[in-house]
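# Summary of structural features
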Amino acid sequence: MPIASLPYIDEHATVIAAGVDDVWRSLGETLDRSFSGPGMAGYARLVGSADCTASGPRPLAEGSTLPGFRVVAAVPGRELVLEGRHRFSSYALIFRLEHVSPGRSRLRAESRAVFPGLAGGIYRRLVIGTGGHVMGMRRLLSAIRRRSE
């Protein structure tokens, strides 16, 4: 399913006291650290993710994978697009990076997903309805900000 046709879930943003090149590097490193551990790989296998291991070029580039995600676009310093699918959902996570002022950048993370069928609806309630997704995205952006600054 094309990313543009996936329903919008939400967007989170943070301003970081670092240039876009530093934030870009930290984005890739933080995603690798956050998603490549054995816990995420096990979860990806449990839900039947298309991608269950970290592979491909590093720093992250088109074709790289993380458990649960595949990089479908990477424009250094500007945009990183991850997509994934499993038994309960097809989804995308789009990171956009903007220069705000010298030494300051804005990082936005947009989430899109579809949750088909009864099982997908239950999964959506567990992930989105409980606030778990929001908490996870805030923690991820905070980790990227700390690593960048």
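See the structure printed just above.
Note that the structure is a prediction, hence the values are computed from the model and not measured.

Ranked by size, the top nonpolar core spans 27 residues in total, and within it Leu31, Leu80, Leu82, Phe95, Leu107 and Ile144 carry the most contacts. Of all the secondary-structure elements, those providing two or more residues to this core are strand S1 (8–16), helix H1 (20–35), strand S3 (69–75), strand S4 (79–86), strand S5 (89–101), strand S6 (104–114) and helix H4 (132–148). Element by element, the count of residues in this core is highest for H1, at 5 residues. Not counting chain neighbours up to four residues away, the residues in contact with Leu82 comprise Leu31, Phe69, Arg70, Val71, Tyr91, Ala92, Leu93 and Phe95. With 5 residues, the next largest nonpolar core counts Leu6, Val81, Ala92 and Ile94 among its residues.

Of the strand pairs in this sheet, S3 and S4 are connected by 5 bridges, and their pairing is antiparallel. Across the sheet, the residue bridging to Ala73 is Val81, located in S4. Taking the residues between adjacent antiparallel strands as the criterion, S3 and S4 are bridged by 3 residues, where Gly77 takes a positive phi near 80°. Pairing between S4 and S5: 8 bridges, direction antiparallel.

By the secondary structure assignment, Ser49 is in the loop between helix H2 (38–46) and strand S2 (65–66). Residue classification places Ser49 among the buried positions, given a relative accessible area of 10%. Not counting the four nearest positions on each side in its chain, Ser49 is found in contact with Ala44, Gly68, Arg85, His86 and Tyr91.

On the surface, Leu118, Ile122 and Leu126 cluster together into a nonpolar patch covering about 340 Å² of accessible area. Topologically, Leu126 is positioned in helix H3 (residues 117–129).

Okay, the packing of aromatic side chains next. A complete count under the given rule lists 4 aromatic pairs for this structure. Judged by centre distance (5.4 Å) and plane angle (15°), the ring pair of Phe88 and Tyr123 falls under stacked. Separated by 35 residues along the polypeptide, Phe88 in the loop between S4 and S5 and Tyr123 in helix H3 bring together distant segments of the chain. Look at Tyr123 and you get buried, because its relative accessible area is 14%. Seen from their ring centres, Phe115 and Tyr123 are 6.3 Å apart, and the 35° between their planes marks the pair as tilted. Grouping aromatic residues by their ring pairs yields a cluster made of Phe35, Phe69 and Tyr91.

Ordered in space as S1-S6-S5-S4-S3-S2, the 6 strands form an open sheet in which the pairing is antiparallel. Only two strands of the sheet have a single neighbouring strand rather than two, namely S1 and S2. Sitting on the sheet, H4 is in contact with S1, S5 and S6, with an inclination near 25° to S1.

Thresholds, definitions, all that
- Residues numbered from 1 in each chain as written.
- Predicted model: local features only at pLDDT ≥ 70, side-chain atom pairs only at ≥ 80, totals over all residues.
- Heavy atoms only, no water.
- Core = buried A, V, L, I, M, F, W, Y, C linked by side-chain atoms within 4.5 Å.
- Buried < 20%, exposed > 50% of the residue type's maximum accessible area, 1.4 Å probe, protein only.
- Helix = DSSP H or I, 4+ residues; strand = E, 2+ residues; numbered from the N terminus.
- Contact = heavy atoms within 4.5 Å.
- Pairing = 2+ DSSP bridges.
- Patch = residues over 30% accessible without salt bridge, like charges linked within 9 Å, V, L, I, M, F, W, Y side chains within 5 Å.
- Areas by Shrake-Rupley, 256 points an atom, 1.4 Å probe, with all protein chains shown as cover.
- Salt bridge = Lys/Arg side-chain N within 4 Å of Asp/Glu carboxyl O.
- Phe/Tyr/Trp six-rings, centres within 6.5 Å; stacked < 30°, edge-to-face > 60°.
- Axes fitted to C-alpha atoms, helices over the stretch in contact; angles between N-to-C directions.

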